[in-house]
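# Overview (structure and organization)
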Amino acid sequence: MVHRIAVLVLDHFAPLDLGVPGQVFHAARTPSGERLYEVVTCSEGRMPVRCEAGYTVLPDHDLDVLDTADTVVVPGVHGGAVLRDGTISGTLRAALQGRPRVMSICTGSFVLAAAGLLDGRPATTHWAEAPRFARLFPRVALNPDVLFVDDGDVLTSAGVAAGLDLALHVIRRDHGSEVANAAARRCVMPPWREGGQAQYIDRPLPDEAGGGTAATREYMLANLDAPLDLAALAEHAKMSIRTFTRRFREETGQSPAKWLTGQRVRHARHLLETTDLGVEEVARRAGFGTAVSLRQRLHAAVGVAPLAYRRTFRAADHVRAAAAEEKA
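This is a predicted model, so every value here is computed, not measured. (Residues numbered from 1 in each chain as written. Predicted model: local features only at pLDDT ≥ 70, side-chain atom pairs only at ≥ 80, totals over all residues. Heavy atoms only, no water.)

### Section: the confidence of the model for the chain
Averaged over all residues, the pLDDT of the chain equals 88, while 89% of them reach at least 70. Ignoring residues within four places in sequence, the model shows residues 202-210, a span with pLDDT below 50, making 10 contacts including any to other chains. Confidence over residues 318-328 falls short of pLDDT 50; this stretch has six contacts with residues more than four positions distant or in other chains. (pLDDT = per-residue confidence, 0-100. Contact = heavy atoms within 4.5 Å.)

Right, dumping it as structure tokens:
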């Protein structure tokens, strides 16, 4: 059954944010080419909505279409009361309640927060708007460093292009890596991006003396299963430990240890999804050494144990295989 996504558009909408759901979710298809998602747009009263890029759009639906949606997406906004004082109309607030899954792109998180959907929950938004968000919505557990936050039925993403990351993540969660990777190829984009949005925060550029850490990052990726201590990495980069740590953070937005852990978790997830290797072997190949260490790191990253993670994606594979067999 096709999954219906309703995009709720407000005045001052961010143009790219509005286009992301239709572009990325329409690229998700079965092996036989059938679309897995239907994307529709709506506005309050089916009224025209205008963006600051100088044009107006007329959505096909009013808010009633939200009652038929499996997922609601709220694009970012560049102005209006929700950014100014954290309020939305009572009609919008009521319309967003009780939905099976709600997502926001960029400052669309302000709308979800104003609707009370983020109280006591983790969320993110565009880094430049994080101080304003924290001031208006102190009950939200804001994390301005990540590209997106998946809290089950409520998901939020950082600025603009992070909406692409979140859409691919949702496809991956719904249908597995193979479908998500194919959608990414159709959109001519990477299936994932390294690090978080901290690397994009406006800050003075590092001076060029001594070079960068890119070559050492490549070395780290090629040797995830090896012990990689900070001193050895600094030596590889031909820097002091202090300089290496500072420059690494300037270039990635993360410490070397945090970045390396993220890459190891990502590799472990790939192995769990695509191989039948035992958990101990996955842990060894990913550089965690023991299944206990892998279990702790994976649970911290995605909230589940290795075998539960594998079952989730294998279940998606089995559903796709059964559907293909039934069609044949």
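On we go.
### Notes on the pattern of salt bridges
As a working rule, side chains carrying opposite charge can pair if their charged atoms are close by. Counted by the stated rule, this structure contains 13 salt bridges. With a closest N to O distance of 3.0 Å, D67 and R99 form a salt bridge. A residue pair is termed long-range when its members are at least 10 positions apart, and D67 in the loop between β4 (56-57) and β5 (71-74) and R99 in the loop between α3 (90-96) and β6 (102-104) qualify at 32 residues. With relative accessibility at 17%, the residue R99 sits in the buried group. For R139, the salt bridge identified is with D119, shortest N-O distance 3.5 Å. Of the two residues, R139 sits in the loop between α5 (130-136) and β8 (141-142) while D119 sits in the loop between α4 (108-114) and β7 (122-123), which places them 20 residues apart along the sequence. (Salt bridge = Lys/Arg side-chain N within 4 Å of Asp/Glu carboxyl O. Helix = DSSP H or I, 4+ residues; strand = E, 2+ residues; numbered from the N terminus. Buried < 20%, exposed > 50% of the residue type's maximum accessible area, 1.4 Å probe, protein only.)

### A closer look at the packing of aromatic side chains
The description of an aromatic ring pair uses the distance of the two centres, along with the angle that the planes make with each other. Applying the stated criterion to the full structure yields seven aromatic pairs. Measuring from centroid to centroid gives 5.0 Å for F133 and F137, while their planes differ by 55 degrees, and the two rings are tilted. Residue classification places F133 among the buried residues on the basis of a relative accessible area of 0%. A relative accessible area of 9% places F137 in the buried class. (Phe/Tyr/Trp six-rings, centres within 6.5 Å; stacked < 30°, edge-to-face > 60°.)

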